[in-house]
Each structure stands twice: as C-alpha cells, then as structure tokens.
Amino acid sequence: MRELVVLGTSSQVPTRTRNHNGYLLRWDGAGVLVDPGEGTQRQLIHAGVAASAVTRICLTHVHGDHCYGLPGVLSRMVLDGVEHPVDLHYPASGEDVVRALVGLASPGLDLRLHPHGASGPVADGLEVVALRHRVETYGYRLSEPDGRTFLPERLAAAGISGPDVGRLARDGHVGRVRMEDVSVPRAGQRVAVVMDTAVCDGATELADGADLLLTECTYADEDADLAAEHLHLTAGQAGVLAAAGGARTLVLAHYSSRYPDVEPLRAQAESAVRAAGATTTVHAALDGDRFALPARRGTPAPSAR
C-alpha cells in the first residue's frame with residue numbers, strides 16, 4: 001500500500017475543523033510520519049491507523065505546529081508495545097528542542113536520532129533539501145529506484161515463463177534473452193514534502209518529477225504580502241511550483257486559520273497550474289483525507305535540473 005494519510009492541515013493554530021499538521025505516508029511496509037503537531041496521536045485514531053504503523057518520523061523544522069505532538073506519539077508507541085526501531089530525522093539546529101520533546105515521552109522505545117545539517121541523503125531512498133524559512137528547515141523526498149516492466153507478449157515470444165521470469169529479473173539475462181529485450185523502463189515513484197518555506201531553489205528541486213507533491217499553502221494569493229513577510233507560500237505559488245516540476249498530483253495543506261473554506265485556495269493553485277500549461281491534479285487536503293499515489297509512469301521522468 002502506498003498512500004498519503006492527512007492527519008492535520010492547520011498552520012500555527014488549530015481550528016474547529018482542522019488539527020495541527022500531521023501527515024503519514026504509508027509506503028509498502030513502512031510508515032513515514034511527517035511533522036506531528038499537537039493532537040497527532042488522536043488524529044491517528046480517527047484515521048484508523050495504529051501508532052505501531054509508524055517506522056520513521058521526519059521533522060521539517062522545530063516550530064511547534066510541526067513537532068509538539070511528538071511526545072504523545074512516542075508515548076503511545078511505548079504503550080502499544082512497539083518493538084521495531086523508529087528513526088527520527090530533524091534539522092541539527094533543533095537538537096535541544098527535539099531532545100526536550102523526546103525527554104517528555106515514556107521510555108522504552110528503540111528511537112534512533114538522525115540530525116542533519118545539509119541537503120543530501122539521510123536514509124535509503126530518503127533525502128532532504130534545504131528550504132527557506134525563519135528557522136533551519138528541510139523538505140523531504142522519498143524515492144524508489146527506476147526499474148523495468150516486463151511485457152508479457154515479449155516474454156512469451158522469447159519462451160520465458162515460470163521461474164525463468166524471476167531469474168531474468170534477478171540476473172538480467174536467461175541464456176541469450178536479456179532483460180531489455182522483454183521489458184520497458186519504469187520510473188520509480190517519488191513523493192516530495194515541502195512545508196514552511198518561501199519560494200526557493202530547494203522547493204523547486206523537491207518538486208521535480210514528483211508523483212505526489214505535498215506542499216504548504218498558508219496564504220491566498222491576495223495575501224502575498226503576508227506570505228513574503230513570514231516566508232510562506234501562497235496558493236498560486238504552490239501551483240506554479242507543481243507545474244514547473246511536472247508533479248502529477250499536488251496536495252495542498254498547512255492553511256492559515258483565516259481561511260475557513262480552502263476551496264478558493266485550491267482554485268487559485270489549479271489556475272496557476274493551468275496557466276502554466278500543466279496537467280497536475282490539484283487537491284486541497286482536509287483532515288482525514290487519503291490520497292493514493294498515481295500509478296507509476298511508463299518511463300523514467302526526465303529531470304528538470
């Protein structure tokens with residue numbers, strides 16, 4: 001299963017209908033929890049997701065609406081008897097805050113801390129890219145390697161079937177039949193998370209070739225001056241970001257409480273996407289929404305970099 005479970009979508013303060021941030025990416029057997037704000041433990045319950053599903057936690061930065069739910073989530077994992085290790089990634093400059101939050105949690109979890117201070121890989125298939133906010137902030141991108149898709153008609157024509165298909169995938173050839181003779185390139189899936197940031201090269205890099213792009217959308221276009229002052233994105237800027245990167249699905253979140261209805265934000269982002277000539281599907285996430293990853297692209301996505 002690969003899907004994004006939206007646990008909370010409010011920036012800075014929660015509202016009657018929106019919890020603080022919280023996003024769970026279910027990636028096969030892994031569960032990557034991004035920015036657990038206050039109330040995330042309860043939002044997991046509402047979403048029907050056990051805390052034991054979390055295998056990795058990623059903090060984009062240490063502002064409270066992105067991390068104050070951490071002690072509760074960790075304590076719940078201890079209460080539920082989670083035995084698998086949990087990796088926690090966060091900006092190195094937030095060490096004191098993270099240590100304090102972890103110190104509030106119940107002991108007993110095999111929690112492994114991984115501070116990072118520069119862009120680059122932080123785990124197998126997971127990388128961070130620096131963003132532009134008021135404190136040290138990083139976006140995350142989870143990627144699988146490009147692969148190949150077998151074509152049944154070519155396998156049949158080559159006389160490859162049964163266990164030989166597995167041998168071909170493992171060894172790259174069976175006799176004179178090569179992998180490339182009976183398959184076509186298949187791009188690995190990419191999910192990118194761009195939270196609190198102004199427009200910057202890092203956000204552009206993360207969006208490049210994303211199958212699903214989760215991005216902040218704190219302000220409407222008409223409040224661009226506030227976005228610039230507080231180093232956040234507007235809805236239109238989020239749309240431009242997705243279009244420029246060729247993102248297939250754009251999921252907006254992290255809304256200011258000044259907007260009780262987020263449909264106008266979705267419309268502004270979609271307008272920017274269409275003005276750029278892109279076909280990105282645009283969603284304005286609500287708490288509890290789930291978004292499946294699009295089917296894999298047929299061929300590896302060309303890099304815009």
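In this report, the structure presented in the accompanying data block is examined. (Residues numbered from 1 in each chain as written. Predicted model: local features only at pLDDT ≥ 70, side-chain atom pairs only at ≥ 80, totals over all residues. Heavy atoms only, no water.)

## Examining the pattern of salt bridges
Then comes step 1: What the rule picks out here adds up to 16 salt bridges.
Then comes step 2: Between D211 and R248 there is a salt bridge; the shortest N-O distance is 2.8 Å. Of this pair, D211 sits in the loop between helix 6 (201-207) and strand 15 (212-216) while R248 sits in the loop between helix 8 (235-245) and strand 16 (249-253), and the two are 37 residues apart along the sequence.
Then comes step 3: Given the relative accessible area of 2%, D211 is considered buried.
Then comes step 4: Classification of R248 by relative accessible area gives partly exposed; the value is 25%.
Then comes step 5: Of the charged contacts in the structure, one is a salt bridge between R266 and E270, with a shortest N-O distance of 3.0 Å. Residue R266 and its partner E270 are both found in helix 9 (residues 263-275); the two are separated by four residues, about one turn of the helix.
Then comes step 6: The exposure class of E270 is partly exposed, given its relative accessible area of 24%.
Then comes step 7: Each of E263, R266, E270 and R274 takes part in one network of salt bridges that share partners. (Salt bridge = Lys/Arg side-chain N within 4 Å of Asp/Glu carboxyl O. Helix = DSSP H or I, 4+ residues; strand = E, 2+ residues; numbered from the N terminus. Buried < 20%, exposed > 50% of the residue type's maximum accessible area, 1.4 Å probe, protein only.)

## As for unusual backbone geometry
Then comes step 1: The phi dihedral of L231 is positive, around 60 degrees, even though this residue is not glycine.
Then comes step 2: The residue H254 is not glycine, and still its phi comes out positive at about 60 degrees.
Then comes step 3: Along the chain, H254 falls in the loop between strand 16 and helix 9.

## Focus: helix 1 (residues 40-47)
Then comes step 1: Within the span of helix 1, buried status applies to T40, Q43, L44 and A47. One side of helix 1 holds all its buried residues, which, seen down the axis, span an arc of 105 degrees. In helix 1, those exposed residues whose orientation departs by more than 90 degrees from the buried face are R42, I45 and H46.
Then comes step 2: Where helix 1 is buried, its residues touch strand 1 (2-8), strand 2 (22-27), strand 3 (30-34), helix 2 (70-79) and strand 18 (290-292). (Arc of directions from axis to C-beta. Contact = heavy atoms within 4.5 Å.)

## Quick look at the packing of helix 1 against helix 2
Then comes step 1: Running from amino to carboxyl end, helix 1 crosses helix 2 at an angle of 60 degrees, the nearest separation of the two axes being 7 Å. On the basis of their axis angle, the class for helix 1 and helix 2 is oblique. Side by side, helix 1 and helix 2 meet where T40, Q41 and I45 of the first sit next to G72, V73 and R76 of the second. (Axes fitted to C-alpha atoms, helices over the stretch in contact; angles between N-to-C directions. Parallel < 35°, antiparallel > 145°, perpendicular 65-115°, else oblique.)

## Observations concerning the packing of aromatic side chains
Then comes step 1: Across all of its chains, the model carries zero aromatic pairs by this definition.
Then comes step 2: Over the aromatic face of W27 sits the side chain of R2, whose NZ or CZ is 3.9 Å from the ring centroid. (Phe/Tyr/Trp six-rings, centres within 6.5 Å; stacked < 30°, edge-to-face > 60°. Lys NZ or Arg CZ within 6 Å of the ring centre and 35° of its normal.)

## Some words on the sheet that holds strand 6 (residues 111-116)
Then comes step 1: Strand order in the open sheet made by the seven strands is 6-5-4-3-2-1-18, with mixed pairing throughout. The sheet is open, and its two borders are formed by strand 6 and strand 18, each paired with just one other strand. The sheet shows a mean angle of 20 degrees between the axes of neighbouring strands, taken without regard to direction.
Then comes step 2: In this structure, strand 1 lies alongside strand 18, joined through three bridges in antiparallel fashion. Considered in strand 18, the bridge of L4 is made with F291.
Then comes step 3: Lying on the sheet, helix 1 is in contact with strand 1, strand 2, strand 3 and strand 18; it crosses strand 1 at an angle near 125 degrees. (Pairing = 2+ DSSP bridges.)

## Focus on the sheet that holds strand 15
Then comes step 1: Sheet architecture is open: seven strands sit in the order 7-8-9-14-15-16-17, paired in mixed fashion. Every interior strand has two partners, whereas the edge strands, strand 7 (120-123) and strand 17 (281-284), have only one. Between one strand axis and the next, the sheet turns by 20 degrees as a mean value, whatever way the strands run.
Then comes step 2: Against the sheet, helix 8 makes contact with strand 14 (190-194), strand 15 and strand 16, and its axis sits at roughly 155 degrees relative to strand 15, the strand it touches most.

## Focus on the environment of S257
Then comes step 1: Along the polypeptide, S257 turns up in the loop between strand 16 and helix 9.
Then comes step 2: With relative accessibility at 39%, the residue S257 sits in the partly exposed group.
Then comes step 3: Residues S257 and G236, spaced 21 residues apart in sequence, show a C-alpha to C-alpha distance of 18 Å.
Then comes step 4: The residues contacting S257, other than those within four sequence positions of it, are V13, T15 and R18.

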